[in-house]
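# Structural description and commentary
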Amino acid sequence: MIGDWIGHHHSHRDSLVARLPAGLKLGLALVIIVGTVLAPPQAMGWFLGVALLLLVAVVLSRIPLLFLLKRLAWLSPLVLGVALVNALQPAARGSWLTVAARSAICLLTIILVSNTTPFSRILRVLKSARVPGLLITTLALMHRYLFVLVEEAERMRRARASRTFTPRRGARWQTLSTVVGQLFVRASERAERIYDAMCARGWK
Amino acid sequence: MNTAIQVANLSYRYHDGTEALRGVSFSVQQGECVAVLGPNGSGKSTLLLHLNGLLPEKLGWNGAVGILGQPVTPDNIDTVRRQVGLVFQDPDDQLFCPSVGEDVAFGPQQLGLSEAEVNARVQKALAQAGLTGFARRATHHLSHGEKRRACLAGVLACEPTVLVLDEPTSDLDPRGRREFKALLRRIPATKVIATHDLELVVELSSRAIVLDRGAVVAEGPVTELLNNEELMLAHGLERPHILRHSHPHGEDT
Amino acid sequence: MHIPDGFIDGKTAATTALLSAAGVGLALRQVRRRLAPRRVPLLGLAAAFLFAAQMVNFPVAGGTSGHLLGGVLAAALLGPSAAIVVLTTVLIVQCFLFADGGVLALGANIFNMAIVGVAGGYTIYRGVCRALPGTRGQVAAVAFAGWCSTVLASISCAGQLAWSGTVAWPAGFTAMALVHMLIGIGEGLIGALVFLAIQRTRPDLTGESNGSAPSRRWGEWVGYGLLAVLGIAVFVAPFACPWPDGLESVAAKLGFDHRAVHLRVPAPAPDYQMPGVRWAAGATALAGAAGTVVVFGLALLLARWLVREPGVDPRLTRP
């Protein structure tokens, strides 16, 4: 589940799209997303044009189609919710179909960018966009230790589960909250060691 | 002056009051390789953290630790950290950058070197660690052995005079161990290695210090110490097999 | 509660982005000033922790499971400013790495979850801690504040959806608030359990560990609180105000054109409307008010059950 969910391994697949500079991809993505959100429902030309561009990009990026479709499918409950609520009380901005179309296009755009661009490049673009340094450092460290902690959590959960013999839900909650609590304690201790490691190589 | 490290009567207490180090004293000559042995919880890691001023948290002026003839004080802490390279026990703690190249470049960048110099140091350090071509690899995709070598490269890039390593071969498979050992052998710096790997100790170090419950209980030439079975067993260690038989794979593989 | 792109319109995205930038900027400034350098990596690690924790499935019934969002937990452990930075980091990574939450909607998501959720939640947390000292008080506070922060964030979200014209307010508010009153129970419960688990192994991490006296931190979150209130006023008040005509007449008397404030608030189609939807919204609001009291009581019971002795007031044992 984790390996699939974290589509990170796709970002190391080489393709024409992957080789484009990160700044260009992000800039283009922003243009597409802003345009799609602002375009009135009648602007079919825009929607179709963008959809075509994205289709070409999908092919060129060599991202597996199934992965994309599964990811897009996650939008459906939200769109369904909007449709349901709009059936009870219509909203002013156009039907749920427009919402679905807009969000699908924007989602596809961001999936394409995130799966063809290493996160550190994205951070570099953000840095040049004058995002504060402390936030960049925090983002970088989060990204670096994300998988470390997720794996640690998985190991702890498995170790606990192998010693849990009662199927009671209460016991599960107890186990899981202990695991999560331990995860924070370990993360906190690791943060101190990282600080030491940074200082050991001259960080101020 | 020939003394690389001088530790005089070093004591340290944790926050909860437990004594981690009790009056530890020893010295290391330049070019030597000294092993720090002891059971778990004996204070090896704590001692190593004192060697580049990471401990005590509030660095004082008492100068219990001297590096290259100078006591470690708040004034010269930067110099000390340049001279003493510390390789941590958990490579994930030390490899905090997303790619190997960036991580190895961290130290030289902190030193304020130009981009060209940083690149040169990175390439050299990677070569020394047997990781040529690894600059663009993501840190979390490395194998355990590669991570340990990347940590070493990151420290070597700072060109320290003294190399301090905390359990460098733990969790390594036999080949990883042999490769790492060969790497260390090629590095001319003064070395202090805290380890459980007694075979490594025999093959690399000339002298050893045994810590137990925060105090130095023995010190001397490696063969002499490690052959003393009684001493070894008394302090949670043992006489390594390498001293009983000859190593099946020879010296370097 | 991550809003994808396309669900909110341009003006909402822009407004929330501005408010969020202000809030996060404020938080970063506070963190730079107050956080010991030793704890800087903790921000990144805490963000990674929250992400990993959010992936843990707490089984509820059938196939459903509860998850932790962690805003109040983070605030209780790290302080409100650090919590805002940490939550923002999590949301940015979720957006750019996992396409969870839109790019333009990032401002809204940060505003709802990192600012409203944290500021509102932390205020309530501190309030309850003051009223009930000791570990028991802290546990009850985390539980209750966790629930409140979830509901508050969802109301803010509903307001944004309504302002964008995606979902009309009464129905949107009803749906979001009711659902999140339920989800909030999970948040409060899990938050409390995790907080207690941490407190048992490392009580020093759950004290007022940021080194700044509690009274000094009131200033911080007054800033955030104002920001949150301002945002809610912009997104929620136009809809929730029961006397819009009264508001307009006052505005007219003050010579203030209300249209300038409301910009392009889309009027819900006056002709067609399912009967009872407005009633449902009102009923939800009442249920929410009653629910708050009930949940507070439940939080107290929970704390009493989990913590055998009341424990010492952590503020008294601070080194």
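Here the residue numbers are simple positions, counted from 1 along each chain's written sequence. Here chains are named by letter from A upward and ligands by number from 1 upward, in the order in which they appear as written. Totals for whole chains, interfaces and linings use all residues, but because this is a predicted model, local features are given only for residues with pLDDT of at least 70 and pairs of side-chain atoms are given and counted only at 80 or more.

### So, the overall build of chain C
Note the following rule: Helix numbering and strand numbering both begin at the N terminus, where a helix is a DSSP run of H or I of at least 4 residues and a strand a DSSP run of E of at least 2. Put plainly, a residue is buried at 20 or more neighbouring C-beta atoms within 10 Å of its own, exposed at 12 or fewer, and partly exposed in between, counting only other residues' C-beta atoms, which are placed from the backbone.
Counting its secondary structure elements, chain C contains 13 helices and 2 strands. Burial analysis of chain C (319 residues in total) assigns 54% to the buried set.

### Overview of the overall build of chain A
For the record, the criterion: Put simply, the radius of gyration uses C-alpha atoms, and a globule should come to 2.2 Å times the residue count raised to 0.38.
From N to C terminus, chain A includes 10 helices and 0 strands. Tracing chain A from N to C terminus, the helices and strands come up as α-α-α-α-α-α-α-α-α-α. The C-alpha atoms of chain A give a radius of gyration of 22 Å, which is well past the 17 Å a tight globule of 204 residues would have. Taken along its principal axes, the extent of the C-alpha atoms in chain A is 55 × 50 × 30 Å. Buried residues in chain A amount to 36% of all 204 residues.

### A few points about the sheet that holds strand E1 (residues 3–13) of chain B
All names here are of chain B. Here is the rule: At least two bridges found by DSSP between two strands are what make those strands a pair.
Strand order in the open sheet formed by 4 strands is E2-E1-E4-E5, and the pairing between neighbours is antiparallel. Edge positions in the sheet fall to strand E2 (19–29) and strand E5 (70–71), since each has one partner strand and no second. Alignment of strand E4 (residues 65–67) against E5, held across 2 bridges, turns out to be antiparallel. Paired with Gly66 across the two strands is Pro71, which belongs to E5.

### Some thoughts on the interface of chain C and chain A
Here is the rule: Placing a C-beta atom from the backbone of each residue, one calls two residues in contact when those atoms lie within 7 Å. In this count, Pro and Cys sit with the nonpolar residues alongside Ala, Val, Leu, Ile, Met, Phe, Trp and Tyr, while Asp, Glu, Lys and Arg are called charged and the others, Gly among them, polar.
Opposite the 61 residues of chain C that make contact, chain A presents 60 residues. Broken down by secondary-structure element, the contributors of at least two residues to the side of chain C that touches chain A are helix H1 (10–34), helix H2 (40–54), strand E1 (58–59), helix H4 (80–98) and helix H7 (169–201) of chain C. At 12 residues, the largest contribution of residues to the side of chain C that touches chain A is made by H2 of chain C. Residues of the side of chain C that touches chain A, tallied by class, amount to 45 nonpolar, 11 polar and 5 charged.

### Comments concerning the sheet that holds strand E7 (residues 162–166) of chain B
All names here are of chain B. Inclusion rule: Every angle, taken between N-to-C directions, lies between 0 and 180 degrees, and every axis is a line fitted to C-alpha atoms, over only the stretch in contact when it is a helix.
The mixed open sheet is built from 6 strands, whose spatial order is E6-E7-E8-E3-E9-E10. A single partner strand is all that each edge strand has here, and the edge strands are strand E6 (84–87) and strand E10 (215–221). Strand-to-strand twist across the sheet, computed as the mean angle between neighbouring axes with direction ignored, equals 15 degrees. Here strand E9 (residues 207–212) runs beside E10; their pairing, made up of 6 bridges, is antiparallel. In the sheet register, Val210 faces E10, and the bridge partner there is Ala218. The sheet strands contacting helix H6 (residues 144–156) are E6 and E7, and the helix crosses E6 at an angle near 165 degrees.

### Regarding the packing of helix H9 (residues 133–161) of chain A against H4 of chain C
Selection rule: Here roughly perpendicular refers to angles of 65 to 115 degrees, roughly parallel to angles under 35, roughly antiparallel to angles over 145, and oblique to all remaining angles. A clockwise turn of the near helix away from the far one marks a right-handed crossing, whereas an anticlockwise turn of less than a right angle marks a left-handed crossing.
Packing of H9 of chain A against H4 of chain C leaves a shortest axis separation of 10 Å and a crossing angle of 60 degrees. Judged by the angle between their axes, H9 of chain A and H4 of chain C are oblique. For H9 of chain A against H4 of chain C, the interelement crossing comes out right-handed. Together, Leu135, Thr138, Leu139, Met142 and His143 of chain A of H9 of chain A and Val85, Thr89, Ile92 and Val93 of chain C of H4 of chain C make up the contact between the two elements. Here the contact of H9 of chain A with H4 of chain C is composed, by residue class, of 6 nonpolar, 3 polar and no charged.

### Re the interface of chain A and chain B
Facing 18 residues of chain A, the contacting portion of chain B comprises 22 residues. Elements represented by at least two residues in the side of chain A that touches chain B include exactly H9 and helix H10 (169–200) of chain A. Per-element accounting of the side of chain A that touches chain B gives the leading share, 8 residues, to H10 of chain A. Taken together, the residues that form the side of chain A that touches chain B break down as 10 nonpolar, 3 polar and 5 charged.

### A short note on the domain arrangement of chain A
All names here are of chain A. To keep it simple, the criterion reads: All domain edges in this entry derive from an automatic or database-based domain assignment.
If you check the domain split of chain A, you get domain 1 (2–127) and domain 2 (132–200). The straight-line distance from the C-alpha centre of domain 1 to that of domain 2 is 31 Å. Contacts between the two partners involve 5 residues from domain 1, matched on the other side by 5 residues from domain 2. Top contributing element to the side of domain 1 that touches domain 2 by residue count: helix H8 (residues 119–128), with 4 residues.

### A closer look at H2 of chain C
Here is the rule we go by: Here the expected length of a helix is defined as 1.5 Å per residue gap, with one fewer gap than residues.
With 15 residues, H2 of chain C ought to run about 21 Å at 1.5 Å a step, and its terminal C-alpha atoms sit 22 Å apart, in line with that. Burial analysis of H2 of chain C places 14 of its 15 residues in the buried class, which makes it a mostly covered element.

### Section: the confidence of the model for chain A
We count it as follows: Per-residue confidence from the predictor is given as pLDDT, running between 0 and 100.
Summary statistics for chain A give a mean pLDDT of 83 and a share of 90% for residues scoring 70 or more. When mean pLDDT is compared element by element in chain A, H8 of chain A scores highest at 91, while helix H1 (residues 2–5) of chain A scores lowest at 45.

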